[in-house]
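Structure assessment
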Amino acid sequence: MPEVKIIAKNFMDMVASLPAMKLDKLYDNAFICEAILRSLPPLAKKYVLQMLYIDSPITAKSMEVWVLPDGSSKHRVAIDRLIQLRVFSETVDRRKETTYKINPTFQTNLQKLLTHGEVLPREPMPSNITVRLPSVEDLDVYAIGQWECFLLQLISSAQAERPSNISSSMMKVFQRGLLSQRDKEAPRLTESGFQFLLMDTNAQLWYIIREYISNSEERGVDPADLISFLLELSFHVTGEAYNSNTLTEVQRNTIKDLTDLGLVKLQQGRKESWFIPTKLATNLSVSLTDSSSRKQGFVVVETNFRLYAYSTSKLHCEILRLFSRVEYQLPNLIVGAITKESLYNAFENGITADQIISFLQQNAHPRVAERIPTVPENVTDQIRLWESDLNRVEMTPAHYYDEFPSREIFEAACDHAREWNGLLWEDSKRMRLVVKAEIHIHMRDHLRGQKQ
Amino acid sequence: MASGHVIKRAKYKTSPKGAGTPGVLKMTENKIMFKPNDPTSASKIDVEFRSIKGYKNTKEGSNNPPLLNLSLEQGGSYIFEFENFLDLQVCREFVGNALTKSGDAAKAKSGDTAKAKSGEAVATSDRSTVTYPDEQLISSAEMELRIKLLRENSELQNLHKKFVLGNILTESEFWATRKKLLDGDSGTKSKQRVGFKSSMILDIKPMTDGRTNKVTFNLTPEIKYQIFALKPAVHRAFLNHVPNKMTEKDFWTKYFRAEYLHSTKNAVAAAAEAAEDEELAIFLKDDDILANAARQKIRRVDPTLDMEADQGDDYMHLPDHGIFRDGSKEITDSQHEQFKRTFLQDLNRQGEVVLEGRTIDVELEDPRTVAEALAQSRQESDENAKQERLDRISRMTEMEDLQAPHDHPLAPLCIKDPRDYFDSQLLKISDDTRAGSEQLRCSLSSEEAYGSLRGSISEIKAMGLSDPVVRPEVAVMVLNGLTQNISSTKFQLGKNAQESILNSLPNTTKEELLHHWISIQELLRHFWSSYPITTSYLYAKVSRVKDAMSKIYPQLEEIKESVPSDLRQQVFLLVRPMHQALDAAFQHYEADLQKRSAKSGEKPNGYV
Amino acid sequence: MPSAPTKLYADDVSLLVVLLDTNPFFWSTSSLPFSKFLSHVLSFLNSILLLNQINQIVVIATGCNSCDYIYDSSLSTNPGIENGKLPALCSELLKKLEDFVTRDEQLNKQHSLPPTTTSSSLLSGSLSMALCYIQRVFRSGPLRPHPRILCVQGSSDGPEQYVAIMNSIFSAQRSMVPIDSCYIGSNNSAFLQQASYITGGVYQKPQQLDGLFQYLSTVFATDLHSRAFLQLPKSVGVDFRASCFCHKKTIDMGYICSVCLSIFCKHHKKCSTCGSVFGQAQSDVASASNLKRKTPET
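Since we're looking at a predicted model, the values are computed, not measured. (Residues numbered from 1 in each chain as written. Chains lettered and ligands numbered in written order. Predicted model: local features only at pLDDT ≥ 70, side-chain atom pairs only at ≥ 80, totals over all residues. Heavy atoms only, no water.)

Concerning the overall build of chain A
- Along the backbone of chain A there are 21 helices and 15 strands.
- Classification of the 452 residues of chain A by burial places 53% in the buried group.
- Accessible surface computed for chain A: about 22,700 Å², of which carbon and sulfur atoms make up 50%. (Helix = DSSP H or I, 4+ residues; strand = E, 2+ residues; numbered from the N terminus. Buried < 20%, exposed > 50% of the residue type's maximum accessible area, 1.4 Å probe, protein only. Areas by Shrake-Rupley, 256 points an atom, 1.4 Å probe, with all protein chains shown as cover.)

Pasting the structure below:
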């Protein structure tokens, strides 16, 4: 699903599109620098690293010397991205020679990171104050639970088990583009909505975060602050408790929203309240690059088109329902079948065969994930065949005429239909013809005229 | 050999198809002479065996006349047609013996007979102990392969030209070290034998033209052979009746008349016809030989096995079951049963014959020979042969050509690019010059050394990492240095070329050096592989190789002298290992020679 | 030459195994103080971890008498509250390194060998350890980072380790692990040159030791994914000389057992590796000049 990935990755574009002033201000924060560095293409990372202790401009030519002919496009992409993010500044001197210089703030911050190590954004609270801290496993369960609950609510508000405090206007923002609602009808998922559901969690998360940030100005929050807070959050340690007092008012509001997404868990002590970042939050800076951390799959597809999903998640069930017929639902197992009808349903909703197949492959149960192919070939082939079946016949509403009184009238009718560009088929031997439905009126008028 | 010479009547031909000149062929121990009957004819031949490279002959049983083809060293060939295969056989043996005998003489290459004589002179001293490579016995296919290899590999061609044509190495010696190259093709050849066709010959169908009542059977030699193999009774009848009682054509006509009756499934008509025609009855009746064989087989079945009990288990009698042949169900009919063959019988017989495989190995053209050969092979197949065949079948079922080759191919030892070796020479020297100084400085005791190491660690623990790690000026300098290094390797030499000392030399010098390098390698290989010298042949070879090497030696010196002085040092480095290798060889040669002469002094009877 | 398996993995995640030379005899003579060296290398290690959250670093110390793992970023605890002076990585590594040096010294005392014989480090040992670690990672799961080995070596080659090192090199080649070498000694190292040449890694001998970090970050920080697009420095020539198995001398010419390819500087009656009996030329005369019969008679 190439299209979708672009949506998810565009977050860095959003950062890049911030005004220069705000962008430069972002780099004051060492965490942002680190997060930005990690989000760069591999080649760009190398360029930053080799420029780390160089304070004079480096000519573009000398950098190109290192690039092999195959890599020139990659080199271009890397340099463009660096310039976009204002990590490198480009100058063309009098002799028309292009030189690059690294952003000094960015440089100093990274140098500090190298020699002094990371300084935590916040001191975690001492354990004698915080009580009942959840274990890492509990926290993971909590995070995934929150996230799935949010997704369920997103696709159909009725199904959510408990209402979250995300405002309905906020929800509307998220649903924009994913759901389409016609008057008096239940909202339906749009094409991109279905695709969204098939994405992996990190991609989904970034999609939502992006929407959240782009909407921030309407709420009176500076997107740059929000970005910097989110990136900073990703450098907190999972499972540690941090005092809410250290947050600004805006950040405190944001934290509440993030709680609903499962990024943090809020806890209230006797006197103080604290927040605990979950895996989702700390993964934020990871997911900027390709997602290398993959969650465990749960789906087994058999050659007989049966599908076993070892999952307790209602959301998974909903996703599977998008393209398969769910037959049984046991406490930890969903059994379904991929049928022609269920697939036609999915195709109608704009899901493509390739999306379904890649979903099945990416979420394959570890037992089958080792096998090649992960999804039986006959199943993938059949899914593709069924999809191409839909494109085999093109339907055109039409009208059929026969029993013409004479050949002249038939010929004239054919010519007339041709004039309107509506002749679909003719059989001059038996004097029959088929025309497009929309020119039926013209044909009728024409034939009436002929009769008289 | 019983007699020192052979005289046969033969026709001399220049091509297999030509008419040829009749005359008398006389072969003595080292000569071939042909005298035409017509004394005026120009095609008189008088050649020595040593100029004969090899021979080919036609096989008995093929429809070719008995031909013997002697191919000449200089190219071209003599072809003789004999009166019968017996004569050919005698001559062929004679030629074969003569060629092996005149082995060393044949080693002389085209035109250079003087050299060949000298080789012979050395070899004659102990002729009986020396075995010579039978290079004249190489097939023409191998010859072609060699020529092809030479043509494809110019380096090889150069070596071949230099050493083989320069009489330093013989053709066979040259190729002996390159067996791998020659073997390449032969390994892929399929060893699978052509088996017996598995299509049901018993099902041979007549073609009708639709208008008349005439039916046509198509008959090929292959089909005839298959019929013989499948139906022993027909085979026997053929041997008995053809050509004494009836012609072959009549025989087959009769056979197919019987076949036709079978195919009509008209058992009554078949019975009627059989009553009229005795010969026809043979074809129509059950094959008694097969029946006998079947009875024997049944007798061999474990007596505890109740075959009767299974007889009804084939569901043949039930509706919707049974075997369909030609679209109709086969029904066993008790009456006239002897005139009916069941499909199952046919199938079993076919299977048996196919598994037996092709037992004869003759041309299929003449049915009479085929029939005889088959009869012979049948007689041979007593119990022993059967066992053997069973073994073979079990082996063959392994599908030989699907198996991995039995001889495990050796991975040839590969030095990536011998030229890289040259580079290391330069490097080594530059290292060696500096090596001395380091050893001296390392004079601290181990306590002090370890102490200072630990001191450094605690220092960095206390102080932290130096900030900045690199001074900007140094960083720029390093980066520029690296960039320059990259750009120099990239643009001077292109993407793939390794930077090498060789490339800095003028082109002619470079090529000369490489050529000498390869030559020396080839010669050294032959040189060392000749030791220990056990035969005078090897002795001669070693001295030839040594002479060739000593010729290269001064040539290397010349190269050293000829290069401009600024490159002399580098060329010196390149030439040095070559000289060293040659010196080692010469030294060994001398030492060996001395030892030999010392020994021969003790034992005056010992060979040279 | 094996190229990096770029297709198997999606991106630039690396597993870098760094072999640090801690030979005290080398460092006492080196123009670059050990503390400076550590500061360059530690900054480099930090930068690798900075590039990608899931990059992994393993550090192995190569001593004179022993080798040991001194740091593994996958095992390191979360960056706790530190004094802020040193990155978390460093303090952990330095502590282990100190322990290692002490242990190595004790071993040295036990063996009580004269310092001249121990002037080379146990590169073969640390290479084997690195390869073992990588093999374990390979087998632990389907998601694996691109592994590579970086030798930061200063002391000269120990010819006695020739066989072991060559075996490690070939095993690295087989598992497609490139060995990069940064040689900071005065001469070139034939072992490391061959290692990098055979495995497709980079061999570099920095000219300016005070810019070591720059060499490391410019050349050796390049992940395998990016190497497909970049031209990295190539060494001018590779010293392909071998060491003989009998006296561990580096030789140009020698005798090779045609059965097991063992190398000897002198003629032997029997191959010490595989036991093949080398024939004598001709008969019983066992003179010193009666040298060369390369094919064994068995």
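A few points about the packing of helix H4 (residues 140–152) of chain B against helix H5 (residues 154–164) of chain B
All names here are of chain B.
- Where H4 meets H5, the axes come as close as 5 Å, and the angle between the chain directions of the two elements is 110 degrees. In terms of orientation, H4 lies roughly perpendicular with respect to H5. Contacts from Leu 149, Leu 150 and Glu 152 of H4 reach H5 at Ser 154, Leu 156, Gln 157 and His 160.
- In the contact of H4 with H5, the residues fall into 3 nonpolar, 3 polar and 1 charged. (Axes fitted to C-alpha atoms, helices over the stretch in contact; angles between N-to-C directions. Parallel < 35°, antiparallel > 145°, perpendicular 65-115°, else oblique. Contact = heavy atoms within 4.5 Å. Nonpolar A, V, L, I, M, F, W, Y, C, P; charged D, E, K, R; others polar.)

A word on helix H4 (residues 123–140) of chain C
- Relative to the 26 Å expected for 18 residues at 1.5 Å per residue, H4(C) spans 26 Å between its end C-alpha atoms, a close match to the ideal helical length.
- When H4(C) is considered as a whole, its buried residues turn out to be C:Leu123, C:Ser124, C:Ser126, C:Leu127, C:Met129, C:Ala130, C:Leu131, C:Tyr133, C:Ile134, C:Val137 and C:Phe138. (Expected span 1.5 Å × (residues − 1).)

Examining the packing of aromatic side chains
- Within the structure shown, the criterion is met by 29 aromatic pairs over all chains.
- On the basis of an interplanar angle of 35 degrees and a centroid distance of 5.8 Å, the ring pair of A:Tyr242 and A:Phe275 is categorised as tilted. A residue pair is termed long-range when its members are at least 10 positions apart, and A:Tyr242 in strand S6 (residues 242–243) and A:Phe275 in strand S8 (residues 273–277) qualify at 33 residues.
- Judged by relative accessible area, A:Tyr242 falls into the buried class, the value being 0%.
- Residue class for A:Phe275 comes out buried when judged on its relative accessible area of 0%.
- Aromatic rings pair up to connect B:Phe228, B:Phe238, B:Phe251, B:Trp252 and B:Tyr255 into one cluster.
- The positively charged end of A:Lys265 is found above the aromatic ring belonging to A:Tyr142, 4.2 Å away from the centroid. (Phe/Tyr/Trp six-rings, centres within 6.5 Å; stacked < 30°, edge-to-face > 60°. Lys NZ or Arg CZ within 6 Å of the ring centre and 35° of its normal.)

Considering the confidence of the model for chain C
All names here are of chain C.
- Looking at chain C, the pLDDT average stands at 79 and 82% of residues meet or exceed 70.
- Here residues 1–10 scores under 50 on pLDDT; set against residues more than four positions off or in separate chains, the count is 21 contacts.
- For the stretch residues 281–298, pLDDT sits under 50, and the model shows 42 contacts to residues farther than four places along the chain or on other chains.
- With pTM at 0.58, the complex prediction returns an ipTM value of 0.81. (pLDDT = per-residue confidence, 0-100.)

With respect to the sheet that holds strand S14 (residues 423–427) of chain A
Residue and element names in this part refer to chain A.
- Ordered in space as S13-S15-S14, the 3 strands form an open sheet in which the pairing is antiparallel. Strand pairing shows two members of the sheet lacking a second neighbour, strand S13 (398–401) and S14, which therefore form its edges. For this sheet the average axis-to-axis angle between neighbouring strands, irrespective of direction, equals 10 degrees.
- In this sheet, strand S15 (residues 432–436) lies alongside S13 in antiparallel orientation, the contact comprising 4 bridges. Of the residues in S15, the one forming a bridge with Ala 398 is Lys 436. (Pairing = 2+ DSSP bridges.)

Focus: the sheet that holds strand S4 (residues 45–48) of chain B
All names here are of chain B.
- A sheet is described by the order of its strands in space; here 7 strands give the open sequence S4-S3-S2-S1-S7-S6-S5, paired in antiparallel fashion. Each edge of the open sheet carries a strand with a single partner, namely S4 and strand S5 (52–57). Across this sheet, the average inter-strand angle for adjacent strands is 30 degrees, counted without regard to direction.

Side note on the pattern of salt bridges
- Applying the stated criterion across every chain yields a total of 21 salt bridges over all chains.
- With a shortest N-O distance of 3.1 Å, A:Asp24 and A:Arg86 are connected by a salt bridge. Of this pair, A:Asp24 sits in helix H2 (residues 20–26) while A:Arg86 sits in the loop between helix H6 (72–84) and strand S2 (88–92), and the two are 62 residues apart along the sequence.
- Owing to a relative accessible area of 28%, A:Asp24 belongs among the partly exposed residues under this scheme.
- Notably, a salt bridge pairs C:Arg148 with C:Asp180, separated by 3.9 Å at the nearest N-O pair. With C:Arg148 in strand S4 (residues 146–153) and C:Asp180 in strand S5 (residues 179–183), this residue pair connects regions lying 32 residues apart in the sequence. (Salt bridge = Lys/Arg side-chain N within 4 Å of Asp/Glu carboxyl O.)

Topic: helix H19 (residues 377–390) of chain A
Residues and elements named next belong to chain A.
- Counted at 1.5 Å a residue, the expected span for H19 with its 14 residues is 20 Å, and the 20 Å between its end C-alpha atoms agrees.
- Looking at H19, one finds that the buried residues are Val 379, Thr 380, Ile 383 and Trp 386. Taken down its axis, H19 places every buried residue within 125 degrees of arc, on the same side.
- At its buried positions, H19 is contacted by strand S9 (299–301), helix H16 (340–348) and helix H17 (353–362). (Arc of directions from axis to C-beta.)

Observations regarding the side chain of C:Arg148
- The class for C:Arg148 is buried, based on a relative accessible area of 1%.
- Within the structure, C:Arg148 has its side chain in polar contact with the backbone oxygen of C:Phe220 (distance 2.9 Å). (Polar contact = N/O pair within 3.5 Å; in protein donor to acceptor, adjacent residues only side chain to side chain.)

Examining the environment of B:Glu557
All names here are of chain B.
- Inspection of the secondary structure assignment puts Glu 557 in helix H22 (residues 536–562).
- By relative accessible area, Glu 557 is classed as partly exposed at 29%.
- Residues Glu 557 and Val 575, spaced 18 residues apart in sequence, show a C-alpha to C-alpha distance of 8.4 Å.

Observations regarding the packing of helix H8 (residues 136–155) of chain A against helix H15 (residues 314–321) of chain A
Residue and element names in this part refer to chain A.
- For the pair H8 and H15, the least separation of the axes is 9 Å and the interaxial angle reads 40 degrees. By the angle class used here, H8 and H15 are oblique. The residues of H15 that touch H8, namely those facing Glu 148, Leu 151, Leu 152 and Ile 155, are Lys 314, Leu 315, His 316 and Glu 318.
- Considering only residue class, the contact of H8 with H15 consists of 4 nonpolar, 1 polar and 3 charged.

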